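In case you want the letters, here they are:
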Amino acid sequence: MPVLPLSVCVFCGARAGADPAYVQAGRDMGQLIAQRGWRLVYGAGDIGIMGEVARAAQTGGAPTFGVIPTHLMQAEQGRQSLSTLVVTETMHERKKVMFTNSDAIVVLPGGAGSLDEFFEVLTWRQLGLHKKPILLLNTNGYWKPLAALIEHVIEQKFAESNVRSFFSVVDTVDEAGQALDAHFDSLMP
Ligand code: AMP
């Protein structure tokens with residue numbers, strides 16, 4: 001059953017990254033979520049791409065659901081103006097609350113934290129614990145090495161080839177929108 005309003009969890013960098021296209025992708029993603037009438041679920045920070053997504057989503061009128069552990073409230077500047085701000089004890093709890101309150105996951109360019117979040121939802125999918133779509137937003141080819149690594153893991157027989165079907169690589173926010181539309185349409189009775 002979908003979470004209502006339809007909720008898109010965005011994992012992304014707490015930094016801006018080297019290419020201005022990453023920040024732009026964050027803004028475009030926030031705008032897309034607002035335009036479609038979806039809710040943004042994210043890590044509640046006000047820095048890097050995280051902050052950009054949230055500002056754009058809020059400016060567009062989207063409801064926002066942020067989840068942050070107590071110890072990061074200062075470092076990641078927990079955004080108080082969100083529709084809902086959940087403060088957790090631990091990082092694990094943060095990921096669980098974000099995941100359970102989402103219908104789909106989009107991973108924008110980011111660092112080790114975003115990779116951790118991506119692999120957590122990917123491995124849960126591999127274990128059959130959920131069927132939520134996982135999209136890698138491959139802005140200017142940022143996730144190409146990650147997709148190649150996963151291919152390598154499959155080729156070397158440390159994963160089944162069906163892992164390929166557990167996530168999709170999309171090159172633009174528009175493409176992400178189309179993939180999410182198709183998924184959400186399939187959930188409706
Ligand atoms: P990064 O991609 O490294 O910039 O991190 C993006 C976000 O992921 C930040 O909000 C980090 O606090 C968060 N993060 C990093 N490691 C974890 C973890 N193990 N569980 C949950 N969130 C994490």
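Details of the structure are given in the entry above.
(A) Structural context of the packing of helix α1 (residues 20–36) against helix α6 (residues 173–187). Contact geometry for α1 and α6: axes closest at 10 Å, N-to-C directions at 35 degrees. Crossing angle aside, the handedness with which α1 passes α6 is right-handed. On α6, the residues that touch Ala25, Asp28, Met29, Leu32 and Arg36 of α1 are Val173, Gly177, Gln178, Leu180 and Asp181. When its residues are assigned to classes, the contact of α1 with α6 shows five nonpolar, two polar and three charged.

(B) Quick look at the site of the ligand. Residues in close proximity to the ligand total 16 residues, the closest being Ala14, Glu76, Gly111, Gly113 and Ser114. A distance of 3.2 Å separates a nitrogen atom of the ligand from a polar side-chain atom of Asp116. Surface burial for the ligand is 81%, taken as the share of its 500 Å² of free accessible area covered by protein chains. For the shell around the ligand, the secondary structure elements donating two or more residues are α3 (91–100) and α4 (112–126). Here the residues of the shell around the ligand sort into six nonpolar, five polar and five charged.

(C) Region of the structure containing the packing of aromatic side chains. Taken as a whole and judged by the stated rule, the model has six aromatic pairs. Considering the side-chain rings of Phe118 and Phe167, the 5.7 Å spacing of their centres and the 85 degrees angle between planes classify their relative orientation as edge-to-face. Taken as a pair, Phe118 in helix α4 and Phe167 in the loop between α5 (144–155) and β7 (168–170) lie far apart in primary sequence, 49 residues in all. Note on Phe167: relative accessible area 10%, which makes it buried. An angle of 75 degrees between the planes, with centres 4.7 Å apart, marks the rings of Tyr142 and Trp143 as edge-to-face. Accessibility expressed as a relative area gives 30% for Tyr142, which makes it partly exposed. Linked through ring pairs, Tyr22, Tyr142 and Trp143 together constitute an aromatic cluster. Looking at Lys132, its charged tip hangs above the ring of Phe99, at a distance of 4.0 Å from the centre.

(D) Geometry of α5. With 12 residues, α5 extends 16 Å between its outermost C-alpha atoms, agreeing within 8% with the 16 Å of an ideal straight helix rising 1.5 Å per residue. Listed in full, the buried residues belonging to α5 are Leu146, Ile150 and Ile154. Take α5 and look down its axis: the buried residues cluster within an arc of 85 degrees, on one side only. Facing away from the buried side of α5 by more than 90 degrees, the exposed set consists of Lys144, Pro145 and Glu155.

(E) The arrangement of the pattern of salt bridges in detail. For the coordinates displayed, the defined rule picks out nine salt bridges. Residue Arg27 is joined to Glu52 by a salt bridge in which the shortest nitrogen-to-oxygen separation is 2.9 Å. Placement of the pair is Arg27 in helix α1 and Glu52 in helix α2 (residues 48–59), with a sequence separation of 25 residues. By relative accessible area, which is 15% here, Glu52 ends up buried.

(F) View of the pairing of strand β3 (residues 64–69). Counting buried positions along β3 gives six out of six residues, so the element sits mostly inside the fold. Judged by which residues are buried, β3 turns out to be covered on both faces: Thr64, Gly66 and Ile68 on one side and Phe65, Val67 and Pro69 on the other are all buried. Two elements, strand β2 (residues 39–42) and β3, share three bridges in a ladder whose sense is parallel. The residue bridging Leu40 from the neighbouring strand is Thr64, located in β3. For the crossover from β2 across α2 to β3, the handedness is right-handed. Two elements, β3 and strand β4 (residues 84–88), share five bridges in a ladder whose sense is parallel. Along β4, the bridge assignment pairs Pro69 with Thr88.

Scoring rules and cut-offs
- Residues numbered from 1 in each chain as written.
- Predicted model: local features only at pLDDT ≥ 70, side-chain atom pairs only at ≥ 80, totals over all residues.
- Heavy atoms only, no water.
- Axes fitted to C-alpha atoms, helices over the stretch in contact; angles between N-to-C directions.
- Helix = DSSP H or I, 4+ residues; strand = E, 2+ residues; numbered from the N terminus.
- Left-handed = near helix turned anticlockwise from the far one by under 90°.
- Contact = heavy atoms within 4.5 Å.
- Nonpolar A, V, L, I, M, F, W, Y, C, P; charged D, E, K, R; others polar.
- Near = heavy atom within 4 Å.
- Polar contact = N/O pair within 3.5 Å; in protein donor to acceptor, adjacent residues only side chain to side chain.
- Areas by Shrake-Rupley, 256 points an atom, 1.4 Å probe, with all protein chains shown as cover.
- Phe/Tyr/Trp six-rings, centres within 6.5 Å; stacked < 30°, edge-to-face > 60°.
- Buried < 20%, exposed > 50% of the residue type's maximum accessible area, 1.4 Å probe, protein only.
- Lys NZ or Arg CZ within 6 Å of the ring centre and 35° of its normal.
- Expected span 1.5 Å × (residues − 1).
- Arc of directions from axis to C-beta.
- Salt bridge = Lys/Arg side-chain N within 4 Å of Asp/Glu carboxyl O.
- Pairing = 2+ DSSP bridges.
- Right-handed = clockwise from strand over helix to strand, strands pointing away.

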